[in-house]
Amino acid sequence: MSIHPTPSHVLSVAAPPRWAVWAAHLTTLVVLPSGLWRIAMVLGHPAGYTQDGFAPFETPWAKVWMLTLSVVCELVAFLTIGLVRPWGELVPRWIPLIGERKVRPSAAAVPAFLGAAALTLIWANVPWWWTYPHEDMTPTGNLVVGILYQPLVLWGPLTAAVAVSYYRRHRTARRTASVG
């Protein structure tokens, strides 16, 4: 039993299907391998690069960039979970100024669809990683990095699938509310 009861408008939306919940959580996992690889580089491990190839990544700016990219990617992936959780329908109380306000479904679905499209385009070439030259990497590093980046191909499609589920649930709830 929750200390804070769930608002009635949240209860009017059908629960997300199990597959959508799994897909939402999977988005955070498909981003993780490449993020951990970048963090290894921030910590000074060449992570598959040759000595000369790793040199540009040893600058403070490069380390800040890699760490920021890893954290931002994981946070963006985590936002997908909001499409299957109550905080995707009601802004959490602790957020200043807008806490406990209802989330307009389009305010969640439109960015999710646009993000899914962008992610699909950004990572679409990853399956062909090994066809591009990587002279600054060792052969083993080239293989491992390619494997670590492969899951990113799923990020856009998973986000799109969860966004479709969110949109359909809210469209159905809106229709039910207007009929009732």
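The preceding data block contains the structure.
Peer 1: In this structure, what is going on with the packing of aromatic side chains? I would like to understand it.
Peer 2: In this description, a pair of aromatic rings is defined by centroid distance and the angle of the planes. A complete count under the given rule lists 7 aromatic pairs for this structure. Ring plane angle 85° and centroid distance 5.6 Å describe the contact between Trp-37 and Tyr-149, whose orientation is recorded as edge-to-face. Placement of Trp-37 in helix H2 (residues 18-42) and of Tyr-149 in helix H6 (residues 139-149) is noted, with a sequence separation of 112 residues between them. The exposure class assigned to Trp-37 is buried, which follows from its relative accessible area of 10%. The exposure class of Tyr-149 is buried, given its relative accessible area of 12%. Of the aromatic side chains, those joined through ring pairs into one cluster are Trp-37, Tyr-49, Phe-54, Phe-57, Trp-123, Trp-129 and Tyr-149.

Peer 1: Looking at this structure, how should I read the side chain of Arg-169?
Peer 2: Relative to the assigned elements, Arg-169 resides in helix H7 (residues 155-179). Side-chain polar atoms of Arg-169 contact the backbone oxygen of Leu-83, separated by 2.6 Å. In contact with Arg-169, other than residues within four places in its own chain, are Val-13, Ala-14, Ala-15, Pro-16, Pro-17, Leu-83, Val-84 and Glu-89.

Peer 1: Before we go on, may I ask you to explain the nonpolar core in this structure?
Peer 2: The nonpolar side chains of a soluble globular protein tend to be buried, and buried together. Within the largest apolar cluster, 36 residues are counted, with the highest numbers of intra-cluster contacts made by Trp-37 and Trp-155. Among the secondary structure elements, those contributing two or more residues to this core are H2, helix H4 (60-79), helix H5 (105-123), H6 and H7. The element that contributes the greatest number of residues to this core is H2, accounting for 9 residues.

Peer 1: Explain H5 to me, please; I cannot follow it from the model alone.
Peer 2: Think of an α-helix as turning once every 3.6 residues; residues three or four places apart then point the same way. With 19 residues, H5 extends 27 Å between its outermost C-alpha atoms, agreeing within 8% with the 27 Å of an ideal straight helix rising 1.5 Å per residue. Ala-108, Ala-109, Ala-112, Ala-116, Leu-119 and Trp-123 are the residues of H5 that are buried. What you see down the axis of H5 is that its buried residues fit within an arc of 100°, all on one side. Turned more than 90 degrees from where H5 packs its buried face, Leu-114, Leu-121 and Ile-122 sit exposed.

Peer 1: Teacher, can you tell me more about the pattern of salt bridges here?
Peer 2: Close approach of charged atoms allows side chains with opposite charge to pair. By the definition in use, this model includes 2 salt bridges. A salt bridge links Arg-169 to Glu-89, with the shortest nitrogen-to-oxygen separation between them at 3.6 Å. One end of the pair, Arg-169, is in helix H7; the other, Glu-89, is in the loop between H4 and H5, and 80 residues separate them in sequence. The class of Arg-169 is buried, set by a relative accessible area of 8%.

Thresholds, definitions, all that
- Residues numbered from 1 in each chain as written.
- Predicted model: local features only at pLDDT ≥ 70, side-chain atom pairs only at ≥ 80, totals over all residues.
- Heavy atoms only, no water.
- Phe/Tyr/Trp six-rings, centres within 6.5 Å; stacked < 30°, edge-to-face > 60°.
- Helix = DSSP H or I, 4+ residues; strand = E, 2+ residues; numbered from the N terminus.
- Buried < 20%, exposed > 50% of the residue type's maximum accessible area, 1.4 Å probe, protein only.
- Polar contact = N/O pair within 3.5 Å; in protein donor to acceptor, adjacent residues only side chain to side chain.
- Contact = heavy atoms within 4.5 Å.
- Core = buried A, V, L, I, M, F, W, Y, C linked by side-chain atoms within 4.5 Å.
- Expected span 1.5 Å × (residues − 1).
- Arc of directions from axis to C-beta.
- Salt bridge = Lys/Arg side-chain N within 4 Å of Asp/Glu carboxyl O.

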